[in-house]
Amino acid sequence: MECLFCEIVKGNIPSTKVYEDETVLAFKDINPMAPVHILVIPKEHIADSAADITPENSAAIAHIFEIIAKIAKEQGLDNGFRVIANSGEDGAQTIQHIHFHILGGKKLPEKMA
Ligand code: 5GP
Ligand code: ZN
């Protein structure tokens, strides 16, 4: 089966983009869990999950975190936010294209799990 996020990158599935550069795309989550809920992904399918981060692709992941900081500022998340990478079965990951959730715009629950 084709990867849903690769289809979003190709433009075959529409998304509400909030940031884009050569290697990164950020778009609104279709089922927001907070007033701000954005997904940040590498455009290239360089990893299925955080379990696949290696010396070969970690520079791309570092770049994603710079963009996360930029997006958080642009979205006015000055009071804080949460970054989540659900990974694998126990992490309840549903889309196997590495991605980072940015959640904010309200006081999030203290318990993460
Ligand atoms: P995961 O559970 O794998 O960490 O996160 C996948 C996220 O993708 C979920 O929060 C889900 O709401 C979101 N999602 C699933 N399908 C689509 C879609 O077609 N468009 C957008 N924008 N988000 C999606
Ligand atoms: Zn993909």
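Calculation rules
Residues numbered from 1 in each chain as written. Chains lettered and ligands numbered in written order. Predicted model: local features only at pLDDT ≥ 70, side-chain atom pairs only at ≥ 80, totals over all residues. Heavy atoms only, no water. Helix = DSSP H or I, 4+ residues; strand = E, 2+ residues; numbered from the N terminus. Contact = heavy atoms within 4.5 Å. Donors = N, O, S within 2.8 Å, 3.2 Å for Na, K, Ca; no water. Tetrahedral: all angles 85-135°; square planar, octahedral: opposite > 155°, others 65-115°. Buried < 20%, exposed > 50% of the residue type's maximum accessible area, 1.4 Å probe, protein only. Near = heavy atom within 4 Å. Polar contact = N/O pair within 3.5 Å; in protein donor to acceptor, adjacent residues only side chain to side chain. Areas by Shrake-Rupley, 256 points an atom, 1.4 Å probe, with all protein chains shown as cover. 1 Å grid on protein atoms, 1.4 Å probe; cavity = no way out; pocket = protein on both sides within 12 Å on 5 of 7 lines; lining within 4 Å. Sits in = over half its atoms within 2 Å of the grid points.

A. Quick look at the environment of L103. Structurally, L103 is set in strand β5 (residues 100-104). Not counting chain neighbours up to four residues away, the residues in contact with L103 comprise M33, A34, V36, H37, F81, R82, I84 and L108.

B. Focus on the coordination of the zinc ion (ligand 2). At this site the zinc ion (ligand 2) is bound by C3 (SG), C6 (SG), H45 (ND1) and H97 (ND1), with donor distances of 2.1 to 2.3 Å. Each of the 4 donor atoms around the zinc ion (ligand 2) contributes to a set of angles spanning 104 to 119 degrees, which defines the coordination as tetrahedral. Each donor residue of the zinc ion (ligand 2) belongs to the same chain, with the gaps between them written as C-x2-C-x38-H-x51-H. With a gap of 52 residues between them, H45 in the loop between β3 (36-42) and α2 (58-74) and H97 in the loop between β4 (81-84) and β5 connect regions that are remote in the sequence. With relative accessibility at 32%, the residue H45 sits in the partly exposed group.

C. Looking closely at the site of ligand 1. Around ligand 1, the surrounding shell holds 16 residues, and the nearest of these are K28, D29, T94, H99 and H101. A distance of 2.5 Å separates an oxygen atom of ligand 1 from a polar atom in the side chain of D29. Side-chain polar atom of H101 to an oxygen atom of ligand 1: 2.8 Å apart, as the coordinates give it. Here ligand 1, which alone exposes 520 Å², has 83% of that area covered by the protein. Spatially, ligand 1 is embedded in the largest pocket.

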